[in-house]
Amino acid sequence: MTPRVVVLTGGVGGAKLVLGLAQILPPSNLTAIVNTGDDFTHLGLAISPDIDTLLYTLSGKANAAQGWGREGESWSFMSALRTLGGADWFQLGDGDLALHILRTDARAQGQPLSQIVANFAQAWNVGPAVLPMTNDPVATMLTTDEGELDFQHYFVARRCAPVVRAIRFQGAAQARPAPCVLAAIAQADAILIAPSNPYLSIDPILAVPGIAAALAGAKAAVVAISPIVGGQAVKGPTAKLMAELGIAITNTAIATHYRAVLNGLLLDERDPPADPGVTFATADTLMHTLEDRIRVARAALVLAEQISKSRPQ
Ligand code: GDP
């Protein structure tokens, strides 16, 4: 039987795994629950970076070399914006703007984000379900040595340079899981946590009331793919952030962080085989090529299946 798989994901790192899963599962068997803590309003536009990264990746439009945005993008809007002295710290490509403008317009007409994303996915023949974690506003806020910054000002404007002391998810306590999120978790045969940033991409999802409890109570095994390869994060601020928060950059720390929901950890074969405190397997988890993405997706599903089979029926 083909498993029904749910994957919790952020942007670029997580989308690599979701693309691998999409190669080996029928579309109707795959649901991605996506972080919206990075969402923000910029120049009046509603922007959902992680959701858009996943839509671009699954529809073959992502700019692989750049690591974000669209392939073959043009930049007339940004050029014109600069001549007028407009804020240019956040890059908005001409094609990318279409998503933001349509989303902003649909939101103004009262459509929930989940419906807007489903419409985009359908227009681009994206088969797997792409679900925002919530339709309610949640904003990842970082307490830094430069004061409190929202995610995009920390990540894009300040390029992760400020030292982070604490992270909070504004609005999360009042947020409700988006439609289908809890049902997908309850019906899943395997639940994966992508190798996304645990603190900035996965924690906002777990902060939405009801989601962590659904994972802990799910019949499926919950398996995380570690974002650490060779004692370092592959990309982005994960390792810097862990050091600043006083957390050791180890797989044990990742497993400990997820302990309330986790049954298994897939860790990289380059890292010391120290027992992370949960059932684990090792693989080459570095995802450069499509074959790499498929290999990591398969290894994570094999571990989830092993854990499920070892459970008393
Ligand atoms: P963002 O939202 O665009 O910053 O991306 P994510 O949070 O989804 O992913 C960032 C994380 O993905 C970083 O912590 C990286 O270490 C991890 N990552 C990126 N590429 C890979 C990879 O090929 N293998 C593994 N194991 N982790 C990766």
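Predicted, not measured: the structure shown is a model, and the values here were computed from it.

With respect to the overall build of the protein chain
Alright, step 1. When you go through the protein chain residue by residue, the secondary structure sums to 12 helices and 14 strands.
Alright, step 2. Rg of the C-alpha trace for the protein chain: 19 Å, near the compact-globule value of 20 Å for 313 residues, within the 12% margin.
Alright, step 3. Counting across all 313 residues of the protein chain, residues that qualify as buried make up 51%.
Alright, step 4. Considering only contacts in the protein chain between residues 6 or more positions apart, those separated by 24 or more positions represent 68%.
Alright, step 5. Accessible surface computed for the protein chain: about 13400 Å², of which carbon and sulfur atoms make up 55%.
Alright, step 6. Taking the average location of the 22 positive side-chain charges in the protein chain and that of its 26 negative ones, the two points are 3 Å from each other.

Some thoughts on unusual backbone geometry
Alright, step 1. In this structure, Leu-43 is a non-glycine residue whose phi angle is positive, near 55°.
Alright, step 2. Mapped onto the elements, Leu-43 comes out in the loop between strand 3 (40-42) and strand 4 (45-47).
Alright, step 3. Residue class for Leu-43 comes out partly exposed when judged on its relative accessible area of 44%.
Alright, step 4. One non-glycine residue, Cys-180, lies in the positive phi region at around 80°.
Alright, step 5. Within the element layout of this structure, Cys-180 appears in the loop between strand 8 (164-170) and helix 7 (181-187).
Alright, step 6. Of the residues examined, Cys-180 reaches a relative accessible area of 53% and is grouped as exposed.

Points about the packing of aromatic side chains
Alright, step 1. What the rule picks out here adds up to 6 aromatic pairs.
Alright, step 2. Cation over ring: Lys-61 sits above Trp-124, and NZ or CZ is 4.3 Å from the ring centre.

What to know about the site of the ligand
Alright, step 1. Neighbouring residues of the ligand: 22 residues in total, closest Pro-195, Ser-196, Ser-201, Thr-238 and Met-287.
Alright, step 2. Coverage of the ligand by the protein amounts to 96% of the 600 Å² it exposes when considered alone.
Alright, step 3. Using a 2 Å cut-off from the grid points, one finds that the ligand occupies the largest pocket.
Alright, step 4. With 4 residues, helix 1 (residues 12-24) is the single largest residue contributor to the shell around the ligand.
Alright, step 5. Here the shell around the ligand is composed, by residue class, of 9 nonpolar, 10 polar and 3 charged.

Let's talk about the sheet that holds strand 7 (residues 147-150)
Strand-to-strand pairing in sheets goes through backbone hydrogen bonds, with the strands running parallel or antiparallel.
Alright, step 1. Spatially, 7-6-8 is the arrangement adopted by the 3 strands of the open sheet, whose pairing is antiparallel. Of all the strands in the sheet, the pair left with one neighbour each is strand 7 and strand 8. The sheet shows a mean angle of 25° between the axes of neighbouring strands, taken without regard to direction.
Alright, step 2. Where strand 6 (residues 139-144) meets strand 7, 4 bridges bridge the pair, whose relative direction is antiparallel. For Thr-143, the partnering residue across the bridge sits in strand 7 and is Glu-148.
Alright, step 3. Contacts between helix 8 (residues 198-206) and the sheet are confined to strand 6 and strand 8, with strand 8 contributing the most and set at about 25° to the helix.

Examining the side chain of Thr-238
Alright, step 1. Mapped onto the elements of the fold, Thr-238 is located in helix 10 (residues 238-244).
Alright, step 2. Look past the residues within four positions of Thr-238 in its chain and what remains in contact with it is Asn-197, Pro-198, Pro-227 and Ala-233.

Cut-off values and rules
Residues numbered from 1 in each chain as written. Predicted model: local features only at pLDDT ≥ 70, side-chain atom pairs only at ≥ 80, totals over all residues. Heavy atoms only, no water. Helix = DSSP H or I, 4+ residues; strand = E, 2+ residues; numbered from the N terminus. Rg over C-alpha atoms; globule rule 2.2 N^0.38 Å. Buried < 20%, exposed > 50% of the residue type's maximum accessible area, 1.4 Å probe, protein only. Contact = heavy atoms within 4.5 Å. Areas by Shrake-Rupley, 256 points an atom, 1.4 Å probe, with all protein chains shown as cover. Lys, Arg positive; Asp, Glu negative; His and termini not counted. Charge placed at Lys NZ, Arg CZ, Asp CG, Glu CD. Phe/Tyr/Trp six-rings, centres within 6.5 Å; stacked < 30°, edge-to-face > 60°. Lys NZ or Arg CZ within 6 Å of the ring centre and 35° of its normal. Near = heavy atom within 4 Å. 1 Å grid on protein atoms, 1.4 Å probe; cavity = no way out; pocket = protein on both sides within 12 Å on 5 of 7 lines; lining within 4 Å. Sits in = over half its atoms within 2 Å of the grid points. Nonpolar A, V, L, I, M, F, W, Y, C, P; charged D, E, K, R; others polar. Pairing = 2+ DSSP bridges. Axes fitted to C-alpha atoms, helices over the stretch in contact; angles between N-to-C directions.

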